[in-house]
Amino acid sequence: MDVLHGTPKSNTLPFWGGIMIWNIKTDPMNPKYLGKFECKGMAGAHRFFYNGGRYVYVVGNKPGFMTFILRIVDISDPNNPVEVGSWWADNQYRSNKPGGGEVLFGSKEFLEMATVHAVTVKDNICYAAVANFGACQIDVSDPTNPTLIGRLAINPPFGGGSAGMACHTYMPLGDLPYGVVSTEDERPRYFSNDNKDGLFKKIVTQPMNTIGIVELTDPSNPSLISVFPYPEVPEGYTHDQNFNVVDGVRVPFGPHNLFDAFGKDCYEKYDGKIYNCYFEAGLRVFDTADPFVPKEIAYFMPPDPEVNLFDNEEGNLLPGSKVAITEDCLVDDRGYIYVDTFQDGLYIVKLKSK
C-alpha cells in the first residue's frame, strides 16, 4: 500500500511543494519513501484526491499559471510520478493576464481570481470547487485531456468578501443525480474591532456563505435546488445571539470542511447524512434524504480553549476571542466521527442512537 501526503509550504520563493509517496505495506513501522511530485509556485500543493489506482488529482501551483489548478498525476511508477494532464479556468493562464507576474498567496487579487480549491473524482467525473468560477464537472475519462462538462456559478451572491474560498468543496451525493457544494467561512480568531490592517482587517459587511445541493440530472446544466439551514445556536451560547457576531465583532460565518472521503470500506457510505465543520459553530450533521429540504439533526461544539497553543511572533495573528473552532471531520464505517480543532486537538464523537 502506498500513502501520499502533501508537503509543507513556505513564505519564501523558490521552495518545494507537492506530494510525496511512501510505502507503508512492507513495514508499517518504518515507511519507505518512494517518490515525489513537485508543484512549484507561491503555495505549492494545497489538496489532492486519491482513491487508489493509477492517478492522483492534485490541486497545486504550476509554472505559467496563476493560483491553484488541477494537475492529474500518473503514479504507476511511484518512484517517478509524472503529470499527464491538467485543467484550469481561462483567467488562470499567465499569458491571459496583462503583465504576468506572481499573485501573492492570500492577497486581494488571489482571493478574487479563479482558483481550483478542492476536487473529488467518481466514475471519471471530477467535481471541482473553483473559487470565482463555480462548481464544475470535468470529464477525466481521458486524463490527458480533461474537459469541462458544466459548471454552476455560485459567487456572487454566495461567498467571497473577507471569508475563505468562495467555492470551497464540491462532491457527488452518493450515487444520486445530485452534488453538494459549499463556500468557506473564515476563522473568527483573526478578527477584532481594532484589527485595521492586513488580510484579516475589521469588516463591516460580508456575503453569506452556505452549503447547497446541486441537481445534476443534466450535468451540462447544473442547478442549485436548496441551501442548508442556518446552524442552530445552542442554549447558553455565550458569544452572541448568532454566529455572525462573536463578542461584538462582525465576522465571516459559514461552513468549512465537509466529510468528502468516499469509495473505501473504512469510510461511512452516504446514507442521507452530510457532515460539516463550521469553524465557530462546530460539527453539524444534516439529513439530506430529501435533497430539496435538508435538515440539521445533530451538532457537537467543543469547549472554548483556555490558552493559545500557537500564534505568530508578534502575538497578533489571533486578536479575536478565544472561541472554539472546528476544522475538519472524517467518519469511519463504525460511525465514529473524528473532529480536529484549531487550538484544542482531536475529538472523537458519535451520533446517539434513537
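Residues numbered from 1 in each chain as written. Predicted model: local features only at pLDDT ≥ 70, side-chain atom pairs only at ≥ 80, totals over all residues. Heavy atoms only, no water.

A. Focus on the overall build of the chain. Summing up its helical and strand segments, the chain has one helix and 23 strands in all. Its C-alpha atoms give the chain principal-axis dimensions of about 55 × 50 × 50 Å. Expressed as a percentage of its 354 residues, the buried residues of the chain come to 51%. A total accessible area of about 16,800 Å² is found for the chain, and carbon and sulfur atoms account for 52% of it. Charge separation in the chain, taken as the distance between the mean sites of 30 positive and 44 negative side-chain charges, equals 2 Å. (Helix = DSSP H or I, 4+ residues; strand = E, 2+ residues; numbered from the N terminus. Buried < 20%, exposed > 50% of the residue type's maximum accessible area, 1.4 Å probe, protein only. Areas by Shrake-Rupley, 256 points an atom, 1.4 Å probe, with all protein chains shown as cover. Lys, Arg positive; Asp, Glu negative; His and termini not counted. Charge placed at Lys NZ, Arg CZ, Asp CG, Glu CD.)

B. Looking closely at the nonpolar core. By size, the foremost hydrophobic cluster in this structure holds 26 residues, and its most contacted members are Val180 and Ile274. Among the elements of the structure, strand 13 (178-182) and strand 14 (211-215) are those that each provide at least two residues to this core. With residues near it in sequence (within four places) discarded, Val180 still touches Thr169, Tyr170, Met171, Leu173, Ile211, Gly212, Leu258 and Ile274. Core analysis: the second largest hydrophobic core is formed by 25 residues, Ile72, Trp87, Cys136 and Phe262 among them. (Core = buried A, V, L, I, M, F, W, Y, C linked by side-chain atoms within 4.5 Å. Contact = heavy atoms within 4.5 Å.)

C. Region of the structure containing the pairing of strand 6 (residues 69-74). With six of its six residues buried, strand 6 lies for the most part within the structure. Because side chains alternate across strand 6, one face comprises the buried residues Ile69, Arg71 and Val73, and the other comprises Leu70, Ile72 and Asp74, equally buried. In terms of strand pairing, strand 5 (residues 55-60) meets strand 6 through six bridges, oriented antiparallel. Its bridge partner being in strand 6, Gly60 is matched across the sheet by Ile69. Two strands pair when backbone bridges link them, and strand 6 and strand 7 (residues 82-87) are joined in this way by five bridges, in the antiparallel orientation. Bridged to Arg71 within strand 7 is Ser86. (Pairing = 2+ DSSP bridges.)

D. Layout of the sheet that holds strand 6. One open sheet holds the four strands; their spatial order is 4-5-6-7, and the pairing between them is antiparallel. One side of each edge strand has no neighbouring strand; the edge strands of this open sheet are strand 4 (45-49) and strand 7. If you compare each strand with its neighbour and ignore which way they point, the axes differ by 30 degrees on average. (Axes fitted to C-alpha atoms, helices over the stretch in contact; angles between N-to-C directions.)

E. Examining the pattern of salt bridges more closely. Enumeration over the complete set of coordinates arrives at 14 salt bridges. Of the charged contacts in the structure, one is a salt bridge between Arg187 and Glu186, with a shortest N-O distance of 3.1 Å. On the basis of relative accessibility, which here comes to 7%, the residue Glu186 falls in the buried class. Across the pair Glu296 and Arg284 runs a salt bridge whose closest N-O atoms are separated by 2.8 Å. One end of the pair, Glu296, is in strand 20 (residues 295-300); the other, Arg284, is in strand 19 (residues 283-287), with 12 residues separating them in the sequence. Bridged by salt links that share partners, the residues Lys36, Glu38 and Lys40 form one connected network. (Salt bridge = Lys/Arg side-chain N within 4 Å of Asp/Glu carboxyl O.)

F. Looking closely at the packing of aromatic side chains. With the rule as written, the count across this model stands at 20 aromatic pairs. Each ring, one from Tyr237 and one from Phe243, has its centre 5.1 Å from the other, and the planes form 65 degrees; the classification is edge-to-face. Residue class for Phe243 comes out buried when judged on its relative accessible area of 0%. Ring centres of Tyr278 and Phe286 lie 6.3 Å apart, and the angle between their planes is 50 degrees; on these two criteria the pair is classed as tilted. You can call Tyr278 buried: its relative accessible area is 3%. With relative accessibility at 0%, the residue Phe286 sits in the buried group. An aromatic cluster is present here, built from Phe228, Tyr230, Tyr237, Phe243, Phe253, Tyr278 and Phe286 joined pairwise through their rings. The ring of Phe133 has Arg151 lying over it, and the distance from NZ or CZ to the ring centre is 4.1 Å. One Lys or Arg, Arg284, reaches over the ring of Tyr299 and ends 4.4 Å from the middle of that ring. (Phe/Tyr/Trp six-rings, centres within 6.5 Å; stacked < 30°, edge-to-face > 60°. Lys NZ or Arg CZ within 6 Å of the ring centre and 35° of its normal.)

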